[in-house]
Amino acid sequence: MGQLKIGVYVCNCGTNIAHIVDPDAVRETAAQLPDVVIARSYRYMCSNPGQEMIIKDIQELGLNRVVVSACSPRMHERTFRAACKAGGLNPYLCDMANIREQCSWVHADRLMATEKAVGLTRAAVNRVRWQEPLDGLTAEMCASTLVLGAGIAGLTAALELALAGHPVYLVEKTDRLGGNLARVDLTAPYLDSARDLLTERLEHLRENPNIKVMLNSELKNLSGFIGNFSATVGTHNGHEPPEEKTFHVGNVIVATGYREFDASRVTHYGYGKLPDVITSFEFEQMLRSGRIQTKSGRAPQYVAIIHCVGSRSREFHGYCSRVCCMTALKYAHEIKSALPESHVCDVYIDMHAFGKGCEDFYRTSSEVKTLFLMYGKNEHPVIRKADPKDDCGMLIEVDEKLSGERVEIPADLVILMVGMEARPDALEVARLVNISADKDGWFIESHPKLDPVATTTDGIYIAGTCAAPKDIPDSVAQARAAAGRIMARIAKGKIEIDGVFAEVDGDRCSGCRMCNELCPYSAIEFDADKRRSHVIPAACKACGACVAACPSGAIKGRHFTDQQICAQIEGVLA
Amino acid sequence: MSYEPKIVGFLCNWCSYTGADLAGTSRIQYPPNIRIIRVMCSARIDPTFVVDALAKGADGVLICGCHPGDCHYSEGNYKAMRRFPLLKKLLQSYGVEDDRVRQTWVSASEGQRFADVVTDMTERVRALGPSRIHAALLADQRER
Amino acid sequence: MTDKKKLQIALYWGAACGGCDVAVLDTNEFILDVAAAADIRFWPIATDGKYMDLEALADGELDLTLFNGAVRNSENEHVAKLLRQKSGMLVAFGACACMGGVPGLANLTSRDEILTTAYLNNASIEPGNRTVPYVETDLDGMKLEIPALYKRVYKLADIVDVDYFVPGCPPAPDQIKNVILAVVKGELPARKSVVGASDRALCDDCKRSKTEKKTRRFVRPFEIIQDPEKCLMEQGILCMGSATRSGCGVRCPNSNQGCRGCYGPAPGVADQGTKFLSAIASIIDSKDPAEIDEIISRLPDFAGYAYRFGMPASTLQRSHRS
């Protein structure tokens, strides 16, 4: 280790610390500790003169460790690290003792607070002995991006990146671009044509040489880390086995979308048995064909639209699929405009009109004289075939909540607003790219509020409905957000990897593999040939889970080593 | 003669340590018996630290992490959640009283809660009397 | 030590079972080579000898002592100190000497409880018989002394300065050969090292396949049909191999039994039990506190399991129940 020369600086913080903790007592005790060559007390250590003091002492006294007893490290660790760096000392050779937020500000007894401050300072001095100079690493950032899924989210993201001049591999499982949006006629609430929305995207896409479209293709393997992924994609071009291509990308955007709920699972609705009970997607097809009609070819006199099919239900999926209420209202509009004499009945639980323009849309829907019937959550209207004497094809019984009555309404055509659910291959996709899915199969974001498009695996982003049911504006927003994040990374050129990460000692690792599954970032990989695990520094976030769990003690948590922590324990208990 | 308990606290940087700082900025008072050691995540807390603290003279050990589901590192606190009951079982075999070692969840916004937890724990540990582990281990070296 | 002079060695047992001495004999023909190359000056299990012979030796007259067994009573301590004085090199031989061993589990109870159970409160004591042992007894005007039972068990290094540690319960005969040869050739590592063992955990030498480490249930070996090729922990069977030094030849997992940890912790690990606790708890596949409790309830005596060989060497060393 060489000769340790520790400098201890006790901040008074004006009177913030000094009015309860006696800084001189702390300074005097610190000065007596082994290897402490200088201990000072000063009014404001974070001020320029305070920092200059540290810099000067490093240069003139040859300090190789610095302890600052002051405010919380969350406040000024960066400041004092910068001061050390300016003095020529590695910034990781500095530690702080929190004698303000966690001492002078919370205790009234001067004697005990000072004793505590002394203990905390001693702990910091003990720790700093074991701290090591750490340097960050840099890695390359490949400017290519892999986009999985060519729905509205995938297309938007691909275009965003390609227009900025970056290469994109757009991988689509089916033989067509457009995803679920290609199956839709008009979109709510402004009744734009989905085809127009998509056509605009697709034209730009075709013109752009940066985008390589791979249809009938699936991701087979992804390895590496942010900036340095290797992706293998298999394309089904009629021959078996599928043709595989491997290429490098820096980032991945997962935009694999959703699939609709299978309406036949709700037996009360007779989907699959009653010919004129159809799903929303089937109705969209009808709209595109230009004719709204029953199976027998007649224009329906009574149309019922049932909300929350497979959603908000204890039996199927508990969540709300977000888009269906407004889509149902869209249908009411379209039916009324195509068949002005028809009666449209909207059978719903709640009307979720949360977005821009949606409440207005709701209002105008009632103005076109749609009948609204409310039913209870976890109940189901029952659809049955009508008798020949009834003037309609089917009858729907509903326990109507607002009137409190059980009503029966006629229906020639019933549209089931099927909810969104995770695709059956969602878990496989998640596994391939090392992200997680929640209990409903939706991919999990890095932080639900503050980081909705990133995931816990650096370099893997999620956009659109694969993360949770959402509408087009939100899907597009997320796609652009993910693209934006990636462009920012590419602009930086290189990845800076913080010097604090876990390290496996290859001489001590026995290959027990206790660690590999513990890492939420998949940063600790097992090398089957060497029979050892190792950490990918770029992927490691330094949480320390593997360090604590390793039964051989073969993993070192840089800057938070066992030795340092045990030294702190000794320091506070001395 | 009353003694002053010495409690070692292991707090995770993102939630509980920040919560403790918030208690500070809010000037919420609590007993000065606790000495806090910062780790990045409660998952870093090796049960070895807990027994080490007890062996070195701690009268109590407090572990704080983020509430389940809120861990900054996604699942770190679940590791802490799994280790703790088994550690408790072990400590029971060693005859360490239940109230001496505690694990709880404190979020970044729970300054008052942190102060309450520390106050409660300090009183419980005070009621138990000093831990004689450290002294006993030293005595073992001299007396047979 | 000159070429001509034979190595002077002693083997002794403290609170022991005899297994370590048997292991030395299990080196088979090698022991004959040892007997030819060395003078075995003191080995109670195999040769006749009295303590006064030991006391008569000059300091350092013994080149090597292999001390097995823990220190449980005053006799163990007395002889340990004597052997330290008389030996140039003192080796803690076997799990008991290194870590306290199985006798060390007595540290979970107390001397009073032990004596009460043995002499007062059990079914084989005649009613009314309150005979208990005393260290000193007067008999016909003579004072008889028996060793004093200590309050707790100690590992050898708690009592005297130890030069090297040979772990195992018992140390594998091959390792015993290696150690003795190393002593003879003067090829030992730094003082205070563990010798006769690997620097990695058992998993390094275990042939079973290791894939995903997650468990929802801990089972006893008889509760499932074991897959002989797969890691035991991955089948829910407790195996301390990942937390234990290798060198034993993986004899327990190779016999379809989980490792019991007798070779002690991996290098640099202060507490084998808490480290193992950290590992196996971390891999419990649950996020629900009630479920976790249920899974853990399948480990009724974790202290006894994790510290079967190393209670006195653990951080807390013994029960601190008042």
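Conventions adopted
- Residues numbered from 1 in each chain as written.
- Chains lettered and ligands numbered in written order.
- Predicted model: local features only at pLDDT ≥ 70, side-chain atom pairs only at ≥ 80, totals over all residues.
- Helix = DSSP H or I, 4+ residues; strand = E, 2+ residues; numbered from the N terminus.
- Rg over C-alpha atoms; globule rule 2.2 N^0.38 Å.
- Buried ≥ 20, exposed ≤ 12 C-beta atoms within 10 Å, placed from the backbone.
- Contact = placed C-beta atoms within 7 Å.
- Nonpolar A, V, L, I, M, F, W, Y, C, P; charged D, E, K, R; others polar.
- Pairing = 2+ DSSP bridges.
- Axes fitted to C-alpha atoms, helices over the stretch in contact; angles between N-to-C directions.
- Left-handed = near helix turned anticlockwise from the far one by under 90°.
- Core = buried A, V, L, I, M, F, W, Y, C linked by C-beta atoms within 7 Å.
- Domains from an automatic or database assignment.
- Arc of directions from axis to C-beta.
- Parallel < 35°, antiparallel > 145°, perpendicular 65-115°, else oblique.
- pLDDT = per-residue confidence, 0-100.

Here's the deal with the overall build of chain B
Check the secondary structure of chain B and you find five helices and four strands. For chain B, the sequential pattern of α-helices and β-strands runs β-α-β-α-β-α-β-α-α. For 144 residues, the compact-globule estimate of 2.2 N^0.38 gives 15 Å, and the C-alpha radius of gyration of chain B, at 15 Å, lies within 12% of that figure. Projected onto its principal axes, the C-alpha coordinates of chain B cover approximately 50 × 30 × 20 Å. Among the 144 residues that make up chain B, the fraction classed as buried is 65%. Counting contacts in chain B only where the partners sit at least 6 residues apart, residues at least 24 apart contribute 83% of the total.

Concerning the overall build of chain A
Of regular secondary structure, chain A possesses 14 helices and 30 strands. The C-alpha atoms of chain A give a radius of gyration of 32 Å, which is well past the 25 Å a tight globule of 574 residues would have. Projected onto its principal axes, the C-alpha positions of chain A cover 105 × 60 × 45 Å. Within the span of chain A, comprising 574 residues, buried residues form 52% of the whole. Residue pairs in contact within chain A that sit at least 24 positions apart in sequence constitute 69% of those at least 6 positions apart.

Quick word on the interface of chain B and chain C
Every contact between the two is made by 28 residues of chain B and, on the other side, 26 residues of chain C. Where the side of chain B that touches chain C is concerned, the elements lending two or more residues are α2 (47-55), α3 (76-93) and α5 (133-142) of chain B. At 11 residues, α3 of chain B tops the list of elements feeding residues into the side of chain B that touches chain C. Classifying every residue of the side of chain B that touches chain C gives 16 nonpolar, three polar and nine charged.

Considerations on the sheet that holds strand β13 (residues 243-249) of chain A
Working definition: the strands of a sheet are paired by backbone hydrogen bonds and lie parallel or antiparallel to each other. All names here are of chain A. Across the sheet, which stays open at both edges, the three strands sit in the order β11-β12-β13 with antiparallel pairing between neighbours. Two strands lie at the open edges of the sheet, namely β11 (217-225) and β13, each paired on one side alone. Each adjacent strand pair in this sheet contributes to an overall mean axis angle of 20°, direction not counted. As judged from the seven bridges shared by strand β12 (residues 228-235) and β13, these two strands associate in the antiparallel manner. Within β13, the residue paired with Phe-229 across the bridge is Val-249.

What about the packing of helix α1 (residues 23-32) of chain A against helix α5 (residues 110-130) of chain A?
Residues and elements named next belong to chain A. Look at α1 against α5: their axes get within 9 Å of each other, and the N-to-C directions meet at 35°. You can see that α1 and α5 cross each other, and the crossing is right-handed. Contact residues: Ala-25, Val-26, Thr-29 and Ala-30 in α1; Thr-114, Ala-117, Val-118, Thr-121 and Val-125 in α5. Tallied by class, residues from the contact of α1 with α5 come to six nonpolar, three polar and no charged.

Side note on the nonpolar core
One finds Val-66 and Cys-546 of chain A together with Cys-12 and Leu-54 of chain B to be the most contacted residues of the largest nonpolar core, which totals 166 residues. Those residues in contact with Val-66 of chain A that lie beyond four places of it in its chain are Gly-7, Ile-54, Phe-80, Cys-84, Leu-89, Leu-93 and Cys-94 of chain A. Counting 61 residues, the second-largest nonpolar core is a separate cluster that includes Ala-143, Tyr-258, Ala-463 and Cys-466 of chain A.

Comments concerning the interface of chain A and chain B
Interfaces are often described in size by the accessible area the parts lose on coming together. On the side of chain B, 34 residues touch chain A, which itself brings 36 residues to the contact. For the side of chain A that touches chain B, the secondary-structure elements that each account for two or more residues are α4 (100-104), α5, α13 (545-549) and α14 (562-573) of chain A. Of the residues belonging to the side of chain A that touches chain B, the class tally is 20 nonpolar, eight polar and eight charged.

Here's the deal with the pairing of β12 of chain A
Residue and element names in this part refer to chain A. As judged from the eight bridges shared by β11 and β12, these two strands associate in the antiparallel manner. Bridged to Asn-221 within β12 is Thr-232. Two successive antiparallel strands, β11 and β12, enclose a turn made up of two residues, where Gly-227 displays a positive phi of approximately 85°.

Thoughts on the domain arrangement of chain A
The domains assigned to chain A are domain 1 (6-134), domain 2 (145-257 + 423-494), domain 3 (260-420) and domain 4 (498-558). Taking only C-alpha atoms into account, the centre of domain 1 of chain A sits 49 Å from that of domain 2 of chain A.

Some details on the sheet that holds strand β22 (residues 406-411) of chain A
Residue and element names in this part refer to chain A. Overall, antiparallel pairing links the three strands, which are arranged β20-β21-β22 in an open sheet. Each of the sheet's edge strands pairs with one partner strand only, and the pair in question is β20 (382-385) and β22. Within this sheet the neighbouring strands show an average axis-to-axis angle of 25°, counted without direction. In terms of strand pairing, strand β21 (residues 394-399) meets β22 through six bridges, oriented antiparallel. Counted as the bridge partner of Val-398 is Val-407 from β22.

Notes on α1 of chain A
Residue and element names in this part refer to chain A. Of all the residues in α1, the buried ones are Pro-23, Val-26, Arg-27, Thr-29 and Ala-30. Across the axial projection of α1, the buried residues extend over an arc of 170°, all falling on one side. In this fold, the buried residues of α1 make contact with β1 (6-11), β2 (36-42), β3 (65-70) and α5.

Section: the packing of α3 of chain B against helix α9 (residues 272-282) of chain C
In contact at an axis separation of 8 Å, α3 of chain B and α9 of chain C are set at 135° when each is read in the N-to-C sense. By the angle between their directions, the pair α3 of chain B and α9 of chain C is classed as oblique. The two elements α3 of chain B and α9 of chain C cross, and the hand of that crossing is right-handed. Each of Lys-79, Arg-82, Arg-83, Leu-86, Leu-87 and Leu-90 of chain B in α3 of chain B lies in contact with α9 of chain C, whose residues at this interface are Leu-277, Ser-278, Ala-281 and Ser-282 of chain C.

As for the confidence of the model for chain B
Confidence in the prediction for chain B averages 95 pLDDT; 99% of positions are at 70 or higher. This complex was scored by the predictor with a pTM of 0.79 and an ipTM of 0.98.

With respect to α9 of chain C
Of all 11 residues making up α9 of chain C, 11 are buried, and the element is well covered by its neighbours. Within the sequence span of α9 of chain C, burial applies to Gln-272, Gly-273, Thr-274, Lys-275, Phe-276, Leu-277, Ser-278, Ala-279, Ile-280, Ala-281 and Ser-282 of chain C. Buried-residue contacts for α9 of chain C involve α13 of chain A, α2 and α3 of chain B together with α11 (302-306) of chain C.

As for the environment of Leu-62 of chain B
Here Leu-62 of chain B shows up in strand β3 (residues 60-65). Spatially, the C-alpha atom of Leu-62 of chain B lies 32 Å from that of Glu-143 of chain B, the residues being 81 residues apart in sequence.

Brief notes about the environment of Cys-94 of chain A
Residues and elements named next belong to chain A. Here Cys-94 shows up in strand β4 (residues 94-98). According to the C-beta neighbour criterion, Cys-94 is buried, with 24 such atoms within 10 Å. Considering only alpha carbons, one finds Cys-94 and Val-8, 86 residues apart in sequence, at a separation of 10.0 Å. Setting aside its immediate chain neighbours within four residues, Cys-94 contacts Val-66, Phe-80, Arg-81 and Cys-84.

With respect to unusual backbone geometry
In this structure, the amide linkage connecting Glu-240 of chain A to the following residue, Pro-241 of chain A, adopts the cis form with an omega of -5°. Tracing the backbone shows Pro-241 of chain A in the loop between β12 and β13. Of note, the bond from Cys-169 of chain C into Pro-170 of chain C is cis; its omega dihedral lies within 30 degrees of zero at -10°. Checked against the element boundaries, Pro-170 of chain C lands in the loop between β9 (164-166) and α8 (173-185). At Arg-322 of chain A, a position not held by glycine, the phi torsion is positive, near 65°. Tracing the backbone through its elements, the reader meets Arg-322 of chain A in the loop between β17 (302-309) and α9 (324-338). By the C-beta count within 10 Å, which is 20 here, Arg-322 of chain A ends up buried. Residues other than glycine seldom take positive phi values, yet Arg-513 of chain A does so here, at roughly 70°. Within the secondary structure layout, Arg-513 of chain A lies in the loop between β27 (502-504) and β28 (524-527). Look at Arg-513 of chain A and you get buried, because 24 C-beta atoms sit within 10 Å.

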